[in-house]
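Here are the chains, one letter per residue:
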Amino acid sequence: ARTLSELIALLKQRQHTPPLPQTEAKTVDHSSVFSVTAAHLGLIANTQVRNAGSWAGNLGIFNRHQDFPSDAVLALTLAQASLTVADLTTGVLSALSMDQFLQLPSEAFLGAHSAGQAGGLMIVAVTVQESPPVPARPTAGGRSLVTESFKICVREHNAHAQVNAGFSFVLETP
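Given the structure is predicted, the values throughout are model-derived calculations rather than measurements.

(A) Looking closely at the pairing of strand β2 (residues 93-97). The pairing of strand β1 (residues 82-87) with β2 spans 5 bridges and is classified as antiparallel. Residue L83 lies in a different strand from β2, and its bridge partner there is L96. Once β1 ends, the chain turns through 5 residues before running back antiparallel as β2, passing G91 with a positive phi of about 80°.

What follows is the structure, given as structure tokens:
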């Protein structure tokens, strides 16, 4: 299983803009879904938890406990990610959108069955596609993509969000 830190590193490698200088470490390229997703995943817990915990485990916790304020669910839904799941009974791989994943009952997943029963679904991969290229800054008669996520907490680190939100929209200029 890939850790949250590994997923963040992969997303940062794929963003279409050059890495930001160290002095602008908290600046995010809001036109890159990779950059925004990596930045929001970086708000999960602390470095030790991100190094040990997997993104799929985070989704699994949310699937079982829908009151869990999962930053990974928000970030991957905002990114319009798709999940690859394996049916352990048939061996068939299927692709699910995040919306489809959110509709599945927890009983559908591995570990939700009674002891001795095999079967269930297991998340095996996530795919995040870069949005179609849209300039970061609008030009006359042009378009620009703006993607942003928010996590409002009582303190900056090691706190569950009071409010999680994500927005993605295209601005058109006359």
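From this point, things continue past the structure.
(B) Layout of helix α5 (residues 71-78). Within α5, 7 of the 8 residues are buried, which leaves it mostly tucked inside the rest of the structure. Those residues of α5 not exposed but buried are D71, A72, V73, L74, A75, L76 and L78. Just beyond α5, the residue with positive phi is Q80, at close to 55°.

(C) View of the pattern of salt bridges. Counted by the stated rule, this structure contains 1 salt bridge. The salt bridge involving K151 is made with D71; its shortest N-O contact spans 3.0 Å. Of this pair, K151 sits in strand β4 (residues 143-152) while D71 sits in helix α5, placing them 80 residues apart in sequence. This pair shows no difference in class: K151 is buried, exactly as D71 is.

(D) Expanded view of the nonpolar core. In terms of nonpolar packing, the biggest core is built from 28 residues, with L41, W55, L59, M98, I123 and V128 touching the most fellow members. For this core, the secondary-structure elements that each account for two or more residues are α1 (4-14), α2 (33-41), α4 (55-64), α5, β1, α6 (98-103) and β3 (121-127). When residues no more than four places from it in sequence are discounted, the contact partners of M98 are L59, V73, L76, T77, A81 and L83.

About the thresholds
- Residues numbered from 1 in each chain as written.
- Predicted model: local features only at pLDDT ≥ 70, side-chain atom pairs only at ≥ 80, totals over all residues.
- Heavy atoms only, no water.
- Pairing = 2+ DSSP bridges.
- Helix = DSSP H or I, 4+ residues; strand = E, 2+ residues; numbered from the N terminus.
- Buried < 20%, exposed > 50% of the residue type's maximum accessible area, 1.4 Å probe, protein only.
- Salt bridge = Lys/Arg side-chain N within 4 Å of Asp/Glu carboxyl O.
- Core = buried A, V, L, I, M, F, W, Y, C linked by side-chain atoms within 4.5 Å.
- Contact = heavy atoms within 4.5 Å.

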